[in-house]
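Letter by letter, the chains look like this.
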Amino acid sequence: MQTRKLGKTNHNCSIITFGAFALSRCSQKEADQGIAMALEAGLNGVDVSPLYGEAESRLGSWFRRHGKQFFLSCKTAERTRQGAQEELKRSLERLGVDYIDLYQFHMVDNQRNLDLLLGPDGALEAVLEAKKAGLLKFIGITGHHPPLLDQALRRFA
């Protein structure tokens, strides 16, 4: 198999990211093969979510045996402070890492969810505390409604 090195971003992450949803329903052996193939192809960014079945555990097993060789993106669909704190803690444990490079508010697709996560006792409070504690480096947001995402970025950069 011929491979080609991909360009990097400012944060030493390949432009193309390995989507760990592919690991959600496979064995650890299959996951290891997929992760190794991604690295061999020049991918060094991985995106995972607690919603992706066993993906966090599969990546965690790899990280424990080989080290964290990826720019790690993880997500939360939680909208409350407590829910986000608990989910982040579980993700860190399952992934077997001390910090996450990019932690994103996942599937923010309606005004109510945006207001909840940015409001009092919202998930943003937990994420900001985690960032201050060194548990994550960058904060992001995902969704399928660009005007809502634009509003989110105007409310919190």
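All residue numbers refer to position in the chain's written sequence, counted from 1. Under the rules for a predicted model, residues below a pLDDT of 70 receive no local features and side-chain atom pairs below 80 are neither given nor counted, while totals for whole chains, interfaces and linings still include all residues. Water and hydrogen atoms play no part in the side-chain values, which are based on all heavy atoms of the structure.

**Quick word on the packing of helix 3 (residues 81–95) against helix 5 (residues 123–132)**
How we decide: Lines fitted to the C-alpha atoms define the axes, with helices restricted to the stretch that makes contact. Angles between their N-to-C directions range from 0 to 180 degrees. Helix and strand assignments follow DSSP, with helices taken as H or I runs no shorter than four residues and strands as E runs no shorter than two, numbered in order from the N terminus. Oblique is the label for any angle not covered by the other classes, which are roughly parallel (under 35 degrees), roughly antiparallel (over 145) and roughly perpendicular (65 to 115). Put simply, a crossing is left-handed when the front helix is turned counterclockwise from the back one by less than a right angle, and right-handed when it is turned clockwise. We call two residues contacting when some pair of their heavy atoms lies within 4.5 Å. Residue classes follow a fixed rule: Ala, Val, Leu, Ile, Met, Phe, Trp, Tyr, Cys and Pro count as nonpolar, while Asp, Glu, Lys and Arg count as charged, and any other residue, Gly among them, counts as polar.
Where helix 3 contacts helix 5, the axes come no closer than 6 Å and their chain directions differ by 45°. Viewed along their axes, helix 3 and helix 5 adopt a mutual orientation that is oblique. Of the two elements, helix 3 crosses helix 5, and the hand of that crossing is right-handed. The segment helix 3 lies against helix 5, with Arg81, Ala84, Gln85 and Leu88 engaging Ala123, Glu125, Ala126, Glu129 and Ala130. Looking at the contact of helix 3 with helix 5, its residues break down into five nonpolar, one polar and three charged.

**Examining the confidence of the model for the protein**
For clarity, the threshold we go by: pLDDT gives the predictor's per-residue confidence on a scale running from 0 to 100.
On average, the protein scores 92 in pLDDT, and the residues at 70 or more come to 93%. pLDDT under 50 marks residues 1–10. Its contacts with residues more than four places away, or in other chains, come to 22 contacts.

**Remarks on the packing of aromatic side chains**
In plain terms, the rule: When two rings of Phe, Tyr or Trp (its six-membered ring) have centres within 6.5 Å they constitute a pair, described as stacked for plane angles under 30 degrees, edge-to-face for angles over 60, and tilted for the intermediate range. The buried label applies to any residue whose accessible area, calculated with a 1.4 Å probe on protein chains only, is under 20% of its type's maximum; exposed applies above 50%, and partly exposed to all values in between.
Inspection of every chain in the model, using the stated rule, returns three aromatic pairs. Relative to tyrosine 52, the ring of phenylalanine 21 lies with its centre 5.3 Å away and its plane at 85°, an arrangement referred to as edge-to-face. Here phenylalanine 21, found in the loop between strand 1 (18–19) and helix 1 (28–40), pairs with tyrosine 52, found in the loop between strand 2 (45–48) and helix 2 (55–66); they are 31 residues apart in sequence, far enough to count as distant. Residue classification places phenylalanine 21 among the partly exposed residues on the basis of a relative accessible area of 43%.

**Considerations on the state of the cysteines**
Short version of the rule: When two cysteine sulfur atoms lie within 2.5 Å, the pair is treated as a disulfide.
All told, the structure shown has zero disulfides when counted by the stated rule. Cysteine cysteine 13 remains unbridged, with the sulfur of cysteine 74 as its closest cysteine sulfur at 14 Å. Looking at cysteine 13, the relative accessible area reads 8%, which means it is buried.

**Some remarks on the pattern of salt bridges**
Side-chain pairs of opposite charge can arise where the charged atoms are in close proximity. Applied cut-off: Any carboxyl oxygen of Asp or Glu that lies within 4 Å of a side-chain nitrogen of Lys or Arg is treated as forming a salt bridge with it.
Under the defined criterion, the tally for this structure stands at 10 salt bridges. Among the ionic pairs, arginine 81 bridges to glutamate 129, the shortest N-O distance being 2.0 Å. Residue arginine 81 is located in helix 3, and its partner glutamate 129 is located in helix 5; the two are separated by 48 residues in the primary sequence. On the basis of relative accessible area, arginine 81 is assigned to the partly exposed category, the value being 26%.

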